[in-house]
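Architecture at a glance
Each chain, letter by letter, is given below.
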Amino acid sequence: MPVMTDEKENYQVDTQAIRVGQQRSQFGEHAEALYLTSSYIFPSCEEAAARFKGESDGNVYSRYTNPTTNMFEQRLAAMEQGEAAVATSSGMAAIMSTLMSHLQSGDHVVCSSDVFGSTVVLINNFFVKFGIEVSYVPVNELEDWRTAVKTNTKLFFLETPSNPTNRVADIEALSKLAKSNDIIMVVDNCFCTPALQRPILFGADLVIHSATKYIDGQGRCLGGAVVGSKALIEPIIGFIRSGGPTMSAFNAWVFLKGLETLGVRMRAHSENALAIASWLTEQAWVRKVNYAGLESHPDHALAKKQQSQFGGVLSFEIEDDKAAAWRFIEANRLMSHTANLGDAKTTIVHPATTTHGRLTDEERQRAEISDNLIRIAVGLEDRQDLIAELERCASVALQ
Ligand SMILES: *Cc1c(COP(=O)(O)O)cnc(C)c1O
């Protein structure tokens, strides 16, 4: 399993993204090799026995280890400044495996209230069945986290910045609270990626990724990963080996190539999003813009401390009501009407009736997800075309 021995790990994150972890075969291939094999040949009985006993780290079976997947794990671990990483079949598999290996019946979890929808379903419909308790608190309200801590609290789970309003958690303050109570702090870093934010540097214990989003970046493959100390990653590896939510070698190979361009893509997503957010603030038909890159955003200073840029996701409230928001989205001919994000293609969605439709009216109100809120995950198209399209949608929806 991934051991950090590579001198390239001291490079800057953009160099790590291209150089860390590659294991070249005897053929001297320049690009990372794709090892499509489910199992491995043992050179001798002695070596086979050693591998089964865990005394040799040679490969046995691709549910346990695969050289292509190992390259991805080493590269991502270095980029996140973690000691080790383990890859999973999806982002949700990373979350499930983390909770399965670090919680037991009777434990309590504090979770930020606007995490990814399936995370809430996974905890409420499944982990609760096995005796896990959960409390939800707003990601940016440190005092609410403090008062939610109980004697049996074992784990904090949060996403920052939040979806879709870009509220930001003070990772350093939360990690101090976690440490003083022996709580494992887990940050889902899907929205920023290590190109923009490295939660471990601010005290997070484990970082989770849905590689499906920006790490792939072009909407092709499902995958996930968990990064952290060896001590915290080892139990997760143990669960994945036996439970089976392993990343496919093919997907790992796609994600390795995705990591190589992650830095330039995240900067381009961020620049496009900032330009569009700024433009939106100047439109008479826009009531409010949620983007942490705007100085007017309540969490701008905190975001600036933790993130190098502000990412691709923004949301805005338009004049009028839900019907107008729906008309706006349906008038659009350029952006993809889908709940997905982290793609070169810009996506647009109505959170109140889709991604956040499961929340009660009160929860939505608290999270400031109003009926006239629209979310855009800004892609890599020319921003002039995106702005022209938004202007056209407004003229159709609000005439
Ligand atoms: C998509 C997403 C996930 C789940 O990832 P999958 O790869 O779809 O399983 C988890 N967290 C966040 C923030 C996401 O956007």
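Before reading on, note that the structure itself is shown above.
Residues numbered from 1 in each chain as written. Predicted model: local features only at pLDDT ≥ 70, side-chain atom pairs only at ≥ 80, totals over all residues. Heavy atoms only, no water.

1. Digging into the overall build of the protein chain
Scanning the protein chain from terminus to terminus reveals 15 helices and 12 strands. Over its C-alpha trace the protein chain gives a radius of gyration of 22 Å, about what one expects of a compact globule, namely 21 Å for 399 residues. Over its C-alpha atoms, taken along the principal directions, the protein chain stretches across nearly 75 × 50 × 35 Å. Burial status across the protein chain gives 56% buried among its 399 residues. Per element, the accessible surface of the protein chain, about 16,900 Å² overall, is 51% carbon and sulfur. (Helix = DSSP H or I, 4+ residues; strand = E, 2+ residues; numbered from the N terminus. Rg over C-alpha atoms; globule rule 2.2 N^0.38 Å. Buried < 20%, exposed > 50% of the residue type's maximum accessible area, 1.4 Å probe, protein only. Areas by Shrake-Rupley, 256 points an atom, 1.4 Å probe, with all protein chains shown as cover.)

2. Description of the sheet that holds strand E10 (residues 336–337)
Strand order in this open sheet of five strands is E8-E9-E12-E11-E10, and the pairing throughout is mixed. Edge strands, defined here as strands with exactly one partner in the open sheet, are strand E8 (286–290) and E10. Bridge analysis of strand E11 (residues 347–349) against strand E12 (residues 373–377) gives three bridges, and the strand direction is antiparallel. By the bridge assignment, isoleucine 348 is partnered in E12 with isoleucine 376. (Pairing = 2+ DSSP bridges.)

3. With respect to the pairing of strand E1 (residues 84–88)
Counting buried residues along E1, five of its five residues qualify, which places the element largely inside the surrounding structure. Alternating positions in E1 separate into two faces, Ala84, Val86 and Thr88 on one and Ala85 and Ala87 on the other, with burial throughout. Bridge count for E1 against strand E7 (residues 224–228) is five bridges, and the pairing is antiparallel. Opposite alanine 84, over in E7, you have glycine 228 as the bridge partner.

4. Here we look at the sheet that holds strand E6 (residues 206–210)
Spatial ordering of the open sheet is given by E1-E7-E6-E5-E4-E2-E3, a layout of seven strands whose pairing is mixed. Both outer strands of the open sheet, E1 and strand E3 (133–137), are each paired with one neighbouring strand and no more. The sheet shows a mean angle of 20° between the axes of neighbouring strands, taken without regard to direction. In this sheet, strand E5 (residues 184–188) lies alongside strand E4 (residues 153–159) in parallel orientation, the contact comprising five bridges. Paired with glutamate 159 across the two strands is aspartate 188, which belongs to E5. Contacting E1, E5, E6 and E7, helix H9 (residues 230–243) crosses the sheet at an angle of about 25° to E1. (Axes fitted to C-alpha atoms, helices over the stretch in contact; angles between N-to-C directions. Contact = heavy atoms within 4.5 Å.)

5. A few points about the site of the ligand
Close to the ligand lie 13 residues; Gly91, Met92, Asp188, Thr212 and Lys213 are nearest. Interatomic distance of 2.8 Å between a backbone N/O atom of glycine 91 and an oxygen atom of the ligand. Aspartate 188 is positioned with one of its side-chain polar atoms (N or O) 2.6 Å from a nitrogen atom of the ligand. For the ligand, whose free accessible area comes to 380 Å², the fraction covered by protein is 93%. Here the residues of the shell around the ligand are counted per class, giving five nonpolar, five polar and three charged. (Near = heavy atom within 4 Å. Polar contact = N/O pair within 3.5 Å; in protein donor to acceptor, adjacent residues only side chain to side chain. Nonpolar A, V, L, I, M, F, W, Y, C, P; charged D, E, K, R; others polar.)

6. Observations regarding the state of the cysteines
Inspection of every chain in the model, using the stated rule, returns zero disulfides. Free of any disulfide, cysteine 221 has its nearest cysteine sulfur in cysteine 190, 15 Å distant. (Disulfide = S-S within 2.5 Å.)

7. What about the pairing of E7?
Burial runs high along E7: five of the five residues are buried. Along E7, one buried face is formed by Gly224, Val226 and Gly228 and the opposite face, lined by Ala225 and Val227, is buried too. In this structure, E6 lies alongside E7, joined through five bridges in antiparallel fashion. The residue bridging leucine 206 from the neighbouring strand is glycine 228, located in E7.

8. Section: helix H2 (residues 45–53)
If you check which residues of H2 are buried, you get Ala48, Ala50 and Arg51. Buried positions in H2, seen along its axis, are confined to an arc of 165° and lie on one side of it. Facing away from the buried side of H2 by over 90 degrees, the exposed positions are Cys45, Glu46, Phe52 and Lys53. Count one or two residues on from H2 and you reach glycine 54, which has phi positive near 80°. (Arc of directions from axis to C-beta.)

In short, shape yes, function no, at least from these values alone.
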